[in-house]
Amino acid sequence: MSQRAGALKAAGRRILDFSVGEPDQETPAPIVAAAVAALHAGKTRYSPAAGLPELRAAVARRYAATDRVSFTPEEVAVTVGGKQALYLACQALLDLGDDVVVPSPYWPTFAEAVRLAGGRPVFAKTREEDGFRVTARLISRALTRKTRAVVVNSPSNPTGAVIQPAELLALARLARRRRFTILYDDTYARLAFGGAHPRLQAVRDAAGERFVVIGTASKTYCMTGWRIGWVLGPKALVDACAALVSHSTQCPTTFVQVAAAQALDGPQDVVLTLAAEYRRRREYIHPALAAIPGITCVRPAGGFYVFPNMERYLSRDVPTTLALCGRLLEKQGVALVPGEGFGAPGYARLSFARPIEELREGVDRIATFLGGLVLG
Ligand code: PLP
């Protein structure tokens, strides 16, 4: 959708693109300055495969300060974004034919990273009526004899749902009992809008070696193009990830690692400001979408996506959300991502990482478009 929106923009049309998965703000100036200074200071050579020691330590310090969970720097590998962190963790963990439980709706890369490692994603469907929340019970029903790992993404892309602390803890106990690893993707964790904070140390204590965090600087610090992420977990897994890096990319870009350490160690007010801004946008976008007749919509608890149910607008003429989003783009110049890609036909993902004036105009255009369809 993003590409189609881009093509229409290039052809001169005014397009409101809500398909994007990245903050609309610039990278904070002190982080940029740290990268420039690192270049001038000659930080232009290889780093160790697991990352610069000072960045591994900075990641561990940040998790200790914000999440109150303790990992040693040796239990941290720095990666080329959260995507590579996930890829490496799957490569290191999975054998051919292993099952990985992926709650759905899901971010498509979860399924593909599992498949690339020879595994099989087993989808556990969360329900809109339950706020798309993942529970230990839902996961336990999806376990097989071959389950090697379970993905938890909280807040979730695309639903914005957050797992309850008690459920995550119950899942950690289950992980130890049933011998699977929790791949906990906290990409949007710093952009959660209040609510109970996950007790990661308790989770780690309960799951032991079976708790792995996949994280990234991308969204928290508006650094999507810089490509820095991390894996936190048992040293054996971290070493295996580093071994894979050593013979593929060697290391994440060295001067970028210096800047990422500045992001993690520097004042965190930029993160609080960003989270407050997304919360303000959520306060607008959620009720505005939910007020459109025929649409139901779970209120996102974090991140910058909202995932309305548009099923009642499907018809013989517009049979899928794929078709619906295609038509919306063509007629009103609004780009959403159809739910099919997230394993959730009938829904669409709207990213509110866009200025609020644009969100207002987008909602108006969506309402006008849907108003021209027959409500089933
Ligand atoms: N995990 C989730 C759930 C995401 O949505 C994303 C990006 O959209 C990532 C991980 C990875 O981001 P990056 O590779 O930019 O760090």
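A short tour of the structure in this document, coming up. Since this is a predicted model, take the numbers as computed values, not measurements.

## Comments concerning unusual backbone geometry
Turning to step 1, where the next piece is worked out: The peptide bond linking Ser154 to Pro155 adopts the cis configuration, its omega dihedral lying at -10°.
Turning to step 2, where the next piece is worked out: In the segment running from Asn157 into Pro158, the intervening peptide bond is cis, with an omega of 20°.
Turning to step 3, where the next piece is worked out: Structurally, Pro158 is set in the loop between β5 (147-153) and α7 (165-178).
Turning to step 4, where the next piece is worked out: One non-glycine residue, Gln250, adopts positive backbone phi at about 75°.
Turning to step 5, where the next piece is worked out: One can find Gln250 in the loop between α9 (235-246) and α10 (254-265).
Turning to step 6, where the next piece is worked out: You can call Gln250 partly exposed: its relative accessible area is 23%.

## Looking at the side chain of Arg204
Turning to step 1, where the next piece is worked out: Relative to the assigned elements, Arg204 resides in helix α8 (residues 200-207).
Turning to step 2, where the next piece is worked out: Owing to a relative accessible area of 12%, Arg204 belongs among the buried residues under this scheme.
Turning to step 3, where the next piece is worked out: At a separation of 3.2 Å, a polar atom in the side chain of Arg204 contacts the side chain of Glu75.

## A short note on the pairing of strand β3 (residues 99-104)
Turning to step 1, where the next piece is worked out: β3 sits mainly inside the fold: 6 of its 6 residues count as buried.
Turning to step 2, where the next piece is worked out: With burial as the criterion, each face of β3 is covered, one bearing Asp99, Val101 and Pro103 and the other bearing Val100, Val102 and Ser104.
Turning to step 3, where the next piece is worked out: Pairing of β3 with strand β4 (residues 120-125) involves 6 bridges; the strand directions are parallel. Across the sheet, residue Val101 finds its bridge partner in β4, namely Val122.
Turning to step 4, where the next piece is worked out: Handedness of the crossover joining β3 and β4 through helix α5 (residues 108-116): right-handed.

## Notes on the sheet that holds strand β11 (residues 337-338)
Through backbone hydrogen bonds, the strands of a sheet pair up, either in parallel or in antiparallel fashion.
Turning to step 1, where the next piece is worked out: With respect to topology, 3 strands assemble into an open sheet ordered β9-β12-β11, the strand pairing being antiparallel. Looking at which strands have only one partner, the edges of the open sheet turn out to be β9 (305-306) and β11.
Turning to step 2, where the next piece is worked out: Where β11 and strand β12 (residues 348-351) come together, 2 bridges link them in antiparallel fashion. Looking at β12, one finds that Val337 is bridged to Arg349.

## Brief notes about the sheet that holds strand β6 (residues 181-185)
Turning to step 1, where the next piece is worked out: The strand order across the open sheet formed by 7 strands is β2-β8-β7-β6-β5-β3-β4, and the pairing between neighbours is mixed. Each end of this open sheet is capped by a strand with a single partner; those strands are β2 (76-79) and β4. Each neighbouring strand pair of the sheet contributes to a mean axis angle of 20°, computed without reference to strand direction.
Turning to step 2, where the next piece is worked out: Two strands pair when backbone bridges link them, and β5 and β6 are joined in this way by 5 bridges, in the parallel orientation. Looking at the pairing, Val151 lines up with Leu183 of β6.

## Details of the site of the ligand
Turning to step 1, where the next piece is worked out: The full set close to the ligand counts 13 residues, and Gly82, Asp185, Thr216, Ser218 and Lys219 are the nearest of them.
Turning to step 2, where the next piece is worked out: Gly82 has a polar backbone atom sitting 2.6 Å from an oxygen atom of the ligand.
Turning to step 3, where the next piece is worked out: Contact between the ligand and Arg227: an oxygen atom at 2.8 Å from a side-chain N or O atom of the residue.
Turning to step 4, where the next piece is worked out: The fraction of the free accessible surface of the ligand (390 Å²) that becomes covered by protein chains is 93%.

## Some thoughts on the environment of Glu74
Turning to step 1, where the next piece is worked out: Within the fold, Glu74 resides in the loop between α3 (53-67) and β2.
Turning to step 2, where the next piece is worked out: Accessibility expressed as a relative area gives 42% for Glu74, which makes it partly exposed.
Turning to step 3, where the next piece is worked out: Remark: the alpha-carbon pair of Glu74 and Asp317, spanning 243 residues in sequence, is separated by 57 Å.
Turning to step 4, where the next piece is worked out: Other than its neighbours up to four places away in sequence, Glu74 contacts Arg56, Lys235 and Val238.

## Quick look at the nonpolar core
Turning to step 1, where the next piece is worked out: Core analysis: the largest hydrophobic core is formed by 54 residues, its most contacted members being Leu55, Leu171, Ile182, Phe211 and Trp230.
Turning to step 2, where the next piece is worked out: Apart from residues no more than four positions distant in its own chain, Leu55 is found in contact with Val78, Ile228, Gln257, Ala260, Ala261 and Leu264.
Turning to step 3, where the next piece is worked out: In this structure, Leu191, Met310, Ala348 and Leu370 belong to the second largest nonpolar core, which totals 38 residues.

## Examining helix α2 (residues 29-40)
Because each turn of an α-helix spans 3.6 residues, side chains separated by three or four positions end up pointing in the same direction.
Turning to step 1, where the next piece is worked out: Across its 12 residues, α2 extends 17 Å between first and last C-alpha, which sits within 8% of the 16 Å expected from 1.5 Å per residue.
Turning to step 2, where the next piece is worked out: What α2 keeps buried is the set Ile31, Ala34, Ala35 and Ala38. The buried side chains of α2 occupy one side of the element, clustering within an arc of 100° when seen end-on. Facing away from the buried side of α2, by more than 90 degrees, are the exposed residues Ala29 and His40.

## Some details on the packing of aromatic side chains
Turning to step 1, where the next piece is worked out: One pass over the structure, following the stated rule, counts 12 aromatic pairs.
Turning to step 2, where the next piece is worked out: Between the aromatic rings of Tyr188 and Phe304, the centroid separation amounts to 5.4 Å while the plane-to-plane angle is 90°, which identifies the pairing as edge-to-face. Of this pair, Tyr188 sits in the loop between β6 and α8 while Phe304 sits in the loop between α11 (269-290) and β9; the two residues are 116 residues apart in sequence, bridging distant segments of the chain. Both residues of the pair, Tyr188 and Phe304, belong to the buried class.
Turning to step 3, where the next piece is worked out: In textbook terms, an aromatic cluster arises when at least three aromatic residues are bridged by ring pairs, as seen for Phe132, Phe307, Phe342 and Tyr347.
Turning to step 4, where the next piece is worked out: Against the face of Tyr63 rests Arg190, its NZ or CZ located 5.3 Å from the ring centre.
Turning to step 5, where the next piece is worked out: Note that Arg360 overlies the ring of Tyr284, its terminal NZ or CZ placed 4.8 Å from the centroid.

Reading guide: rules and limits
- Residues numbered from 1 in each chain as written.
- Predicted model: local features only at pLDDT ≥ 70, side-chain atom pairs only at ≥ 80, totals over all residues.
- Heavy atoms only, no water.
- Helix = DSSP H or I, 4+ residues; strand = E, 2+ residues; numbered from the N terminus.
- Buried < 20%, exposed > 50% of the residue type's maximum accessible area, 1.4 Å probe, protein only.
- Polar contact = N/O pair within 3.5 Å; in protein donor to acceptor, adjacent residues only side chain to side chain.
- Pairing = 2+ DSSP bridges.
- Right-handed = clockwise from strand over helix to strand, strands pointing away.
- Axes fitted to C-alpha atoms, helices over the stretch in contact; angles between N-to-C directions.
- Near = heavy atom within 4 Å.
- Areas by Shrake-Rupley, 256 points an atom, 1.4 Å probe, with all protein chains shown as cover.
- Contact = heavy atoms within 4.5 Å.
- Core = buried A, V, L, I, M, F, W, Y, C linked by side-chain atoms within 4.5 Å.
- Expected span 1.5 Å × (residues − 1).
- Arc of directions from axis to C-beta.
- Phe/Tyr/Trp six-rings, centres within 6.5 Å; stacked < 30°, edge-to-face > 60°.
- Lys NZ or Arg CZ within 6 Å of the ring centre and 35° of its normal.

From the geometry alone we can't say anything about function, so treat these as descriptive.
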